[in-house]
Each structure stands twice: as structure tokens, then as C-alpha cells.
Amino acid sequence: MLRVVVLGAAAGGGVPQWNCGCAVCRTARSDHPELQSTQASIAVSGDGAHWFLVNASPDLRQQLIATPQLHPKPGALRHSPIAGVILTNGEIDAVAGLLSMREGSPFAIYAHERVLAILRSNSIFNVLSEKNVARRPIAVDQGFEPALSDGSPSGLEVLPFEVPGKGAWYLEGKAHPAGAGDTLGLRIADKRSGQYFYFLAACARVTDDLKSRLKGAPLVFFDGTVWRDDELIAAGLGNKTGQGMGHIAMSGDQGAIASLAGLDIGRKVFLHINNSNPALLGTSAERKAAEQAGWQIPSDGTEIVL
């Protein structure tokens, strides 16, 4: 049995963002606190006792407190059911939460060598001693089975694959040119039951190869950053397009909703949703259009069992 918990569904900054007064953030602070969401991450388990995080958001400490499945077991002075963290990119949204896991519990970090190089180049991540926190390189299109903290097999099989995207924005102009491994999607399967799902927190466009991968999948978590490509510009919130940030829009002829229609996907869930996105508002036309197309906008804490 494969269990997935949505720890956070929002893009960078969360909802509400600390310095934002847009319609969604104002509503989340006042009339509808249920709109509040932390930054995107999920936890996955094949047995319900040992868990792997996919990305470690800056809100990780808050997410762990809010998720009973990830609490220490009763009676243990020091314990964590988290056996590892799988990173799909090197953005702040994905790696900053690692610093909240520096108190000595053993776990492993699984990431492409390009992302591991980012961690090595920043000395602040040295607080994660490699005596307790192993760093395991993963490769595009090479499946692996993450191990439990004692080294035994987890029963999960993870296949990383490259998706269109871009390198971390804070490395633009630095000696880390964008390349393969900067943006990964994951196929995560339970070896015992055969159930599986896909996770893509960032994706700039849907290619034919990606369509063939996702066709018939029982569950897909997909990049839902913006509703329209020029959303931030039109709202006066920024000067970048979704494409400029490496994210496909939900809407439009080339957007995620249209591009992934007709693929017989069982359950489609948007993640990494920016506070500017009107689809977050339950009464909006955009939310209605997304739901009519079979997409779910999850709340933090949503659990899905396959």
C-alpha cells in the first residue's frame, strides 16, 4: 500500500506570503484561513511507518509538527520515521528545509549530482554531518530503491527523469550553468503492490515523452504555479512570466490542463501553487474550470492512499 501526504501545496513564499497583499493573501489572512498553505512538499511511505520526503521546504518544521505520521514514536526520546529526503531540484523551496533536520537523526539525501554540488558549495549545509546524513547521488532514468535508516530496503522504487525547466534562480549568472539534472520528475512505486504515482513540482512544458510517461497513471502531482503565463505581471506582483521561472501555466492551449487532457490519468493534483493564482479561491471561475477538468487543489495534510 502506497501512502502520500501533502505536507504543503504552495509555491515559494506560501499562502499568505509574508509581504503580499494580493486578493488571495488578503483572503487567507482574514475571511478564509483554510486557504493558508505552506510551501510544496510531500511525504511518501510504503508501510505507513517509514517515510521519505520529496523536497524539504522552508516550512518543514511547521509541516512536521502538523503531520502525526511524521512524529517520533511514543516513548522514544529521540526518533524520526523519516528515512530520507529526495530532492527534485536545487531551489530554495526544495532544499532550505534540510536545515531544520540538523539535530542528529540519521537519514539520507537523494539528489542529482548537480544538486549535491550546490549543497557542497554552501557551507551552511555542513550542519548536516555526513556521519548521520548520507548524500546519495541519483541519475536521470536510473531507478533506485531508497534505504531505511538501518540500511534495509524500503520497498519503494524511484525513477528520476528529466523534465523541461531551469536552474535555481539564485544561481543565475553564477558558475553553475543550467543543465540535465536541474529539474527532475519522479515516478515512485511500491514494489509490493505495484501501485505508483508521478511527482512534478516544476515543469516548463509538456512534451510528447512526458505525455507517454504519464498516460494511464493512477495519480499525478503536477506543477500548478500560475493560472496564466503573465499572471504576476498582469497583477502587478512581479516582472517574470511563468515560463521565465520554469513553470507551465495551468490554462491556455499549451497549459497543463489542456496538455494533460485525454491521458486517462486517475487523479490529477496541482502542487506548487503561487499565491497569485486565482484558482486557489474556491469561488473563482478559474477554480471551477480546473475542477471541471478533473484537477484537485489540495489542502496541507491531504492524504492519498493507493
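Residues numbered from 1 in each chain as written. Predicted model: local features only at pLDDT ≥ 70, side-chain atom pairs only at ≥ 80, totals over all residues. Heavy atoms only, no water.

As annotated in an unreviewed UniProt entry, the chain is Coenzyme PQQ synthesis protein B from Bradyrhizobium septentrionale. You can read under Pathway (unreviewed entry) in the UniProt record for the chain the words "Cofactor biosynthesis; pyrroloquinoline quinone biosynthesis." You can read under Sequence similarities (unreviewed entry) in the UniProt record for the chain the words "Belongs to the PqqB family." (UniProt positions renumbered as here; feature names shortened; annotations may be inferred.)

Asks: Would you take a moment to explain the sheet that holds strand S4 (residues 82-86) for this structure?
Replies: Across a sheet, paired strands are connected by hydrogen bonds in the backbone, their directions being either parallel or antiparallel. Read from one edge of the open sheet, seven strands run S6-S5-S4-S3-S2-S1-S13, paired in mixed fashion. Across the chains shown, the open sheet's two edge strands, defined by having one partner strand only, are strand S6 (133-138) and strand S13 (303-305). On average, each strand axis in the sheet is tilted by 20° relative to the strand beside it, whichever way the strands run. Sheet topology places strand S5 (residues 107-112) next to S6; six bridges connect them, and they run parallel. From the neighbouring strand, Ile109 faces S6, where its bridge partner is Arg135. Most of the contacts of helix H4 (residues 113-121) go to S5, to which it runs at about 120°, and overall it touches S5 and S6. (Pairing = 2+ DSSP bridges. Helix = DSSP H or I, 4+ residues; strand = E, 2+ residues; numbered from the N terminus. Axes fitted to C-alpha atoms, helices over the stretch in contact; angles between N-to-C directions. Contact = heavy atoms within 4.5 Å.)

Asks: Would you explain the pattern of salt bridges in this entry?
Replies: A full pass over the atoms with the stated rule returns nine salt bridges. The salt bridge partner of Asp230 is Arg228, with a shortest N-O separation of 2.5 Å. The exposure class assigned to Asp230 is partly exposed, which follows from its relative accessible area of 32%. Notably, a salt bridge pairs Glu291 with Arg287, separated by 2.9 Å at the nearest N-O pair. A residue pair is termed a helical-turn pair when its members lie 3 or 4 positions apart in one helix, as Glu291 and Arg287 do in helix H8 (residues 285-292) at four residues. (Salt bridge = Lys/Arg side-chain N within 4 Å of Asp/Glu carboxyl O. Buried < 20%, exposed > 50% of the residue type's maximum accessible area, 1.4 Å probe, protein only.)

Asks: Before we go on, may I ask you to explain the environment of Gly266 in this structure?
Replies: Structurally, Gly266 is set in the loop between helix H7 (256-259) and strand S11 (268-271). Its relative accessible area of 62% is what places Gly266 among the exposed residues. Gly266 sits 166 residues away from Ser100 along the chain, and the two C-alpha atoms are 34 Å apart. Those residues in contact with Gly266, other than ones at most four positions away along the chain, are Ala217 and Pro218.

Asks: Before we go on, may I ask you to explain H4 in this structure?
Replies: An α-helix turns once per 3.6 residues; consequently, residues spaced three or four apart project the same way. If you check which residues of H4 are buried, you get Val115, Leu116, Ile118 and Leu119. Projected down its long axis, H4 carries its buried residues within an arc of 150°, all on one side. Along its buried surface, H4 packs onto helix H3 (92-95), S5 and S6. (Arc of directions from axis to C-beta.)

Asks: Please clarify how the sheet that holds strand S9 (residues 196-200) should be interpreted in this entry.
Replies: Pairing is mixed in the open sheet, where six strands are placed in the order S7-S8-S9-S10-S11-S12. What marks the edges here is a single partner per strand, and that holds for strand S7 (156-162) and strand S12 (295-296). In the sheet, S9 pairs with strand S10 (residues 220-223) via three bridges, with the strands oriented parallel. Residue Tyr198 lies in a different strand from S10, and its bridge partner there is Val220.

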